[in-house]
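As a plain string of letters, each chain reads:
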Number of protein chains: 2
Amino acid sequence: MTPIITAFANSPDRGRGLARDTRVRWALEEVGQPYDVRLLSFAEMKAPAHLALNPFGQIPTWEEDGLALFESGGIILRIAETHEGLLPSSEAGRSRAIMWMFAAVNTVEPPIVDRTMVFLFEREEPWFEARLEGVEAQCRRRLEQLSAWLGEKDWLEDGFTVGDLMMISVLQRLGSSGMVEAFPNLAAYVARGEARPAYQAAFAAQLAVFEAAQDT
Amino acid sequence: MTPIITAFANSPDRGRGLARDTRVRWALEEVGQPYDVRLLSFAEMKAPAHLALNPFGQIPTWEEDGLALFESGGIILRIAETHEGLLPSSEAGRSRAIMWMFAAVNTVEPPIVDRTMVFLFEREEPWFEARLEGVEAQCRRRLEQLSAWLGEKDWLEDGFTVGDLMMISVLQRLGSSGMVEAFPNLAAYVARGEARPAYQAAFAAQLAVFEAAQDT
């Protein structure tokens, strides 16, 4: 059975590739696994049929041969473990790659998502400027630490892994803020990921969904 | 070689078991793996020797036979994969358990940590009450969704897994707020985890470190 993922019928990021289905599409493209997509409206995401797949009412989900998963991290690790190409062959290298996945979603992503939330929900509040300054300082600290680790390397460890896929996806969420660009090695790292044919295919696929939705 | 983890020499949570070494100790106790602990001052956490182990300057780290890891999620998954007892034997069950680890750290934990940060760093700000209300609403939404999923079950899936270990550790961070207690099935779920002998041993071990530090 071809796996089926879910994605926004009309992505709030307007096709910029920041919704979490893009990471899963990227992983599927890296390993050459074809997939189908079921598009969901916001109402459908909160309806019982989808909540049975993901109790938190989010996209993406993943279904294949009777197994259903949610959480981009869990889905991507499953893809990496059942195909060649996203995890090193050594046991130690494998654990290091998975460690970077957790670092991406649990240490680097939280302040970055927080920053987006400040823009979305606190823009009209009297404390907006002060909050933004605080959350950007937290983002900057993580970027500094990551930049120091990366140094002159191409990837976080020896060769591209699922850890890089997740970390680059997280860094992309800083969008046009210029915060990543303040660290030239991180900007080059993100560009290196985005230049991969698998990323290009994933980006094009999610953009096509958004563009089609505008025509209807 | 006995694995070595790092922990706070003087935990800011005052021995309440909320620092992330407790999760790792819990996993090690569940699988019956003895371990050593290296305690770090705040200055040592930011020094080059520790940054070489964890570029983000956090505890816990984990070292065994030349492999070093950081991020509690990455460490705990490694422990679960190299010992019996924390992951189901079926491939599907295994993927579901790992999915819950990611859900714990990437979907449930962020607003909970945010709430702690609001208390720690925004208490004197004029916007404190409004911010607290917002972040608690986000926490409550995740708790509601998790409670609906759990229902009358003992654990998130069939039998205790590393996903429960991580989810319960995350819920504990709501401490004495009463937010978990507003959902009786979640409160019973956390209590069920805390009643496990492995958790009790882990809690006692981290508390002993904090108490010893007060005597010196």
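Residues numbered from 1 in each chain as written. Chains lettered and ligands numbered in written order. Predicted model: local features only at pLDDT ≥ 70, side-chain atom pairs only at ≥ 80, totals over all residues. Heavy atoms only, no water.

Caption draft 1: Broad picture of the overall build of chain A. Along chain A, the regular secondary structure elements total nine helices and four strands. Listed by position from the N terminus, the elements making up chain A come as β-α-β-α-α-β-β-α-α-α-α-α-α. By the compact-globule yardstick of 17 Å for 216 residues, chain A fits well, its C-alpha radius of gyration being 17 Å. Principal-axis analysis of the C-alpha atoms places the extent of chain A at approximately 50 × 45 × 30 Å. Put simply, 67% of the contacts in chain A that link residues at least 6 apart link residues at least 24 apart. In the structure as shown, chain A presents an accessible area of about 9000 Å², 53% of it carried by carbon and sulfur atoms. Side chains of chain A carry 20 positive and 31 negative charges; the gap between the two charge centres is 3 Å. (Helix = DSSP H or I, 4+ residues; strand = E, 2+ residues; numbered from the N terminus. Rg over C-alpha atoms; globule rule 2.2 N^0.38 Å. Contact = heavy atoms within 4.5 Å. Areas by Shrake-Rupley, 256 points an atom, 1.4 Å probe, with all protein chains shown as cover. Lys, Arg positive; Asp, Glu negative; His and termini not counted. Charge placed at Lys NZ, Arg CZ, Asp CG, Glu CD.)

Caption draft 2: Main features of the pairing of strand β1 (residues 4-8) of chain B. All names here are of chain B. Counting buried positions along β1 yields four of five residues, so the element is predominantly enclosed. In this structure, β1 lies alongside strand β2 (residues 36-40), joined through five bridges in parallel fashion. Its bridge partner lying in β2, isoleucine 5 is registered against valine 37. The parallel pair β1 and β2, bridged by helix α1 (residues 21-31), forms a crossover whose chirality is right-handed. The pairing of β1 with strand β3 (residues 61-64) spans two bridges and is classified as antiparallel. Bridge assignment links isoleucine 5 to a residue of β3, and that residue is tryptophan 62. (Buried < 20%, exposed > 50% of the residue type's maximum accessible area, 1.4 Å probe, protein only. Pairing = 2+ DSSP bridges. Right-handed = clockwise from strand over helix to strand, strands pointing away.)

Caption draft 3: Highlighting the pattern of salt bridges. All names here are of chain A. Per the stated rule, a full pass over the model turns up 26 salt bridges over all chains. As a salt-bridge pair, arginine 25 and aspartate 21 come within 2.8 Å of each other at their nearest N and O atoms. Of this pair, arginine 25 and aspartate 21 both sit in helix α1 (residues 21-30), separated by four residues, roughly a single helical turn. Pair check on accessibility: arginine 25 and aspartate 21 agree, each one buried. (Salt bridge = Lys/Arg side-chain N within 4 Å of Asp/Glu carboxyl O.)

Caption draft 4: Local environment of empty space enclosed by the protein. Residues and elements named next belong to chain A. Under the defined criterion, the tally for this structure stands at six cavities of 30 Å³ or more. Of the voids in this model, the largest cavity is the one considered here, and its volume is about 80 Å³. Looking at the lining of the largest cavity, the elements that each hand over two or more residues are β1 (4-8), α1 and α9 (197-215). Looking at the lining of the largest cavity, its residues break down into six nonpolar, four polar and two charged. (1 Å grid on protein atoms, 1.4 Å probe; cavity = no way out; pocket = protein on both sides within 12 Å on 5 of 7 lines; lining within 4 Å. Points joined across faces, edges and corners; volume = space filled by probe spheres on them. Nonpolar A, V, L, I, M, F, W, Y, C, P; charged D, E, K, R; others polar.)

Caption draft 5: Just the environment of B:Ile79, in detail. Residues and elements named next belong to chain B. Secondary-structure assignment places isoleucine 79 in helix α4 (residues 72-82). Overall, the relative accessible area of 1% leaves isoleucine 79 in the buried class. For the pair isoleucine 79 and methionine 166, spaced 87 residues apart in sequence, the C-alpha to C-alpha distance is 13 Å. Dropping the residues within four chain positions of it, isoleucine 79 is found in contact with Val24, Ala27, Leu28, Val31 and Trp62.

Caption draft 6: Quick peek at the sheet that holds strand β4 (residues 67-70) of chain A. All names here are of chain A. Taken in spatial order, the four strands make up an open sheet running β2-β1-β3-β4, and their pairing is mixed. Unpaired on one side and paired on the other, β2 (36-40) and β4 mark the two borders of the sheet. With direction set aside, neighbouring strand axes in the sheet form an average angle of 25°. Sheet strands touched by helix α4 (residues 72-82): β3 (61-64) and β4. Its angle to β4, the strand with the most contacts, is close to 130°. (Axes fitted to C-alpha atoms, helices over the stretch in contact; angles between N-to-C directions.)

Caption draft 7: Summary view of the domain arrangement of chain A. Residues and elements named next belong to chain A. Domain annotation for chain A reports domain 1 (4-85 + 198-215) and domain 2 (91-196). Relative placement of domain 1 and domain 2: their C-alpha centres are 21 Å apart. Counting residues at the interface gives 15 residues for domain 1, matched by 19 residues for domain 2. For the domain 1 face of the interface with domain 2, the top three residues by lost area are Leu18, Arg23 and Trp26, together amounting to 38%. Across the domain 1-domain 2 interface, the total number found is four salt bridges. The residue glutamate 81 makes a salt bridge to arginine 94 at a minimum N-O spacing of 2.4 Å. One can count ten residue pairs in polar contact (both at pLDDT 80 or more) joining domain 1 with domain 2. Mapped by element, the contributors of at least two residues to the side of domain 1 that touches domain 2 are α1, α4 and α9. (Domains from an automatic or database assignment. Buried area = accessible area lost by both parts, 1.4 Å probe. Polar contact = N/O pair within 3.5 Å; in protein donor to acceptor, adjacent residues only side chain to side chain.)

Caption draft 8: Geometry of the side chain of B:Ser72. Within the secondary structure, B:Ser72 sits in helix α4. Sequence-distant contacts of B:Ser72, that is, excluding residues within four places in its chain, are made with B:Arg20, B:Arg23, B:Val24, B:Pro60 and B:Met166.

Caption draft 9: Quick peek at the relation of the copies chain B and chain A. Of the transformation superimposing chain B on chain A, the axial component is 0.0 Å and the angular component is 180°, with the fit at an RMSD of 0.0 Å. Look at the turn and shift together and you get a two-fold axis relating the two. When the interface residues of chain B are mapped onto chain A, 100% of them are again interface residues, pointing to one common binding face. (Least-squares fit on C-alpha atoms with pLDDT ≥ 70 in both.)

Caption draft 10: Quick peek at the sheet that holds strand β4 (residues 67-70) of chain B. All names here are of chain B. Taken together, the four strands give an open sheet; going across it, the order is β2-β1-β3-β4, and neighbouring strands pair in mixed fashion. Strands with a single pairing partner mark the edges of an open sheet, and in this sheet they are β2 and β4. Within the sheet, the average angular offset between the axes of one strand and its neighbour, ignoring direction, is 25°. This element, α4, spans β3 and β4 of the sheet and lies at about 130° to β4.

Caption draft 11: Just the nonpolar core, in detail. Formed by 108 residues in total, the largest nonpolar core has its most connected members in A:Trp100, A:Met167, A:Leu171, B:Trp100, B:Met167 and B:Leu171. Setting aside anything within four residues of it in sequence, one finds A:Met167 in contact with A:Trp100, A:Ala103, A:Ala104, A:Val108, A:Leu146, A:Leu156 and A:Tyr189. (Core = buried A, V, L, I, M, F, W, Y, C linked by side-chain atoms within 4.5 Å.)

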